[in-house]
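Given next are the chains, with one letter for each unit.
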Amino acid sequence: MKNKKELPTVCVLGCGGFVGSHLVERLLDSGDYGQITGIDISDQKIRHLSGNSRFDFVKADAHSIELLRPSIEKSSTVISLVALCNPSLYTTIPLEVIDSNFTLPLEIVKLCHEYQTRLIHFSTSEVYGKTAMSLSDSSAMDEDGSIDRWVLTEDTSQLILGPVRAQRWSYACAKQLLERVIYAYGTSNSLEYTIVRPFNFIGPRMDFLPGLEGEGIPRVFACFMDALLFEKPLQLVDGGNNRRCFTYIDDAIDAVMAIIDNRESSRSQIFNIGNPDNEISIRDLASLMHQMYGEIRGKAYLRSSIGSISGKEFYGEGYDDSDRRIPDIRKAVDCLGWKPKTGLSQTIQLSMLSFIEHFKTVKNST
Ligand code: UDP
């Protein structure tokens, strides 16, 4: 039996990633938690936390499931962030994507069940897939074109994935199946869980700049920063007509902290965590970032153009896309008392400034 009187002990699986690094930072800043355990294969993004006596970092591959056992057993809450969550991987290494988003986290769910440890599991907004509107089903259209029909709600919206040969959906499908497993454990009252569906979090330490700290294609914000910093075209995939709601990482971490602290109201719930007011098309995002980059660094540094490329050419065979995803956050507002505070231009500007600073540091040290 876990001692309920002690300060909560939190185990962050995948603590070395973008979200994990911000979450551990915040947990350590607060005096409301006991020992924090973090497990990851990489410590690149959390080296600045290594001297903190309240942080136990275990450098390990989460696939070594027996290594996770003692940390899951002793913690009051596990936050599972382990995932390959980059669209360029869904078509190129789908088996690894399914493994890291279903097979491995399934073992984590089972361990949480075995030790009666509370689980906060990171799923994805990608489980919603495409919107009904994109299937050119006129019956799905509102006559007045009301935006409400575009908003995705945790417990009522349809989850619409493309055909199997469109391997883009390997990730969403794996994530969705794991949500269903967790839900089934929850209905028999034998697992205390909360599921988070993140909507395009961005901010400092997001992804990587290709060639500097990682290889391959990162997500769109890092792709566009790479293009601006290295004077390459910002590529609009299939015209850049798809739309996303970009959420600043500090707002996202506020939501996760509210989940940790509101145990009863977040029990057995799925929460969309995103900023519905920050919607923008990828085409407009490219223009905005292009303009802001000129303002921040000066026109002399602005040597990138905006180009166009097909999804197949950029990501390979089997690429498909979500057209639009706007989170309904009413449940998070009601249950957690949380609301995102950072508007779109501030979100983009803060993220760009951090990338530019980081780029200068890395470049000067090489
Ligand atoms: N995208 C783009 N140019 C890029 C990278 C991505 O136009 O250099 C598009 C991509 O096709 C998608 C959107 O940007 O429509 C968001 O992609 P991201 O990789 O950030 O992740 P997603 O939101 O699809 O999970």
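The structure contained in this document is the topic of the report that follows.

1. Describing the overall build of the protein chain
Then comes step 1: A tally of helices and strands in the protein chain yields 12 helices and 15 strands.
Then comes step 2: For 366 residues, the compact-globule estimate of 2.2 N^0.38 gives 21 Å, and the protein chain sits close to it at 20 Å.
Then comes step 3: Taking the principal axes of its C-alpha atoms as reference, the protein chain extends roughly 60 × 55 × 40 Å.
Then comes step 4: Considering the protein chain as a whole, with its 366 residues, one finds that 55% of them fall into the buried category.
Then comes step 5: Roughly 16,400 Å² of accessible area belongs to the protein chain as shown, and the carbon and sulfur atoms make up 51% of that amount.
Then comes step 6: Across the protein chain, the centroid of the 39 positively charged side chains sits 2 Å from that of the 47 negatively charged ones.

2. With respect to the site of the ligand
Then comes step 1: Taken together, the neighbourhood of the ligand is formed by 19 residues, with Val220, Gln235, Arg244, Tyr319 and Asp321 sitting nearest.
Then comes step 2: Contacts to the ligand include arginine 244, whose side-chain N or O atom sits 2.6 Å from an oxygen atom.
Then comes step 3: Arginine 325 is positioned with one of its side-chain polar atoms (N or O) 2.9 Å from an oxygen atom of the ligand.
Then comes step 4: Protein contacts shield 96% of the accessible area of the ligand, which totals 520 Å² for the unbound molecule.
Then comes step 5: Those elements giving two or more residues to the shell around the ligand turn out to be helix 6 (220-229), strand 9 (234-237) and helix 10 (311-315).
Then comes step 6: Across the shell around the ligand, the residue classes break down as 10 nonpolar, three polar and six charged.

3. Some thoughts on the pattern of salt bridges
Then comes step 1: Summed over all chains, the structure comprises 26 salt bridges.
Then comes step 2: Across the pair arginine 243 and glutamate 279 runs a salt bridge, and its minimum N-O distance is 3.2 Å. Here glutamate 279 lies in strand 13 (residues 279-281) and arginine 243 lies in strand 10 (residues 243-245), a separation of 36 residues in the sequence.
Then comes step 3: Overall, arginine 243 belongs to the partly exposed group, its relative accessible area being 28%.
Then comes step 4: Aspartate 254 is the partner of lysine 341 in a salt bridge, and the nearest nitrogen-oxygen pair spans 3.2 Å. Taken together, the residues lysine 341 in the loop between helix 11 (330-336) and helix 12 (344-364) and aspartate 254 in helix 7 (residues 249-261) connect sequence positions 87 residues apart.
Then comes step 5: Taking relative accessible area as the criterion, lysine 341 reaches 66% and is therefore assigned exposed.
Then comes step 6: Of the residues examined, aspartate 254 reaches a relative accessible area of 22% and is grouped as partly exposed.
Then comes step 7: One salt-bridge network, in which partners are shared between bridges, spans Arg118, Glu192, Arg263, Glu264 and Arg267.

What counts and how
Residues numbered from 1 in each chain as written. Predicted model: local features only at pLDDT ≥ 70, side-chain atom pairs only at ≥ 80, totals over all residues. Heavy atoms only, no water. Helix = DSSP H or I, 4+ residues; strand = E, 2+ residues; numbered from the N terminus. Rg over C-alpha atoms; globule rule 2.2 N^0.38 Å. Buried < 20%, exposed > 50% of the residue type's maximum accessible area, 1.4 Å probe, protein only. Areas by Shrake-Rupley, 256 points an atom, 1.4 Å probe, with all protein chains shown as cover. Lys, Arg positive; Asp, Glu negative; His and termini not counted. Charge placed at Lys NZ, Arg CZ, Asp CG, Glu CD. Near = heavy atom within 4 Å. Polar contact = N/O pair within 3.5 Å; in protein donor to acceptor, adjacent residues only side chain to side chain. Nonpolar A, V, L, I, M, F, W, Y, C, P; charged D, E, K, R; others polar. Salt bridge = Lys/Arg side-chain N within 4 Å of Asp/Glu carboxyl O.

Everything listed is a geometric property; what it means functionally is a separate question.
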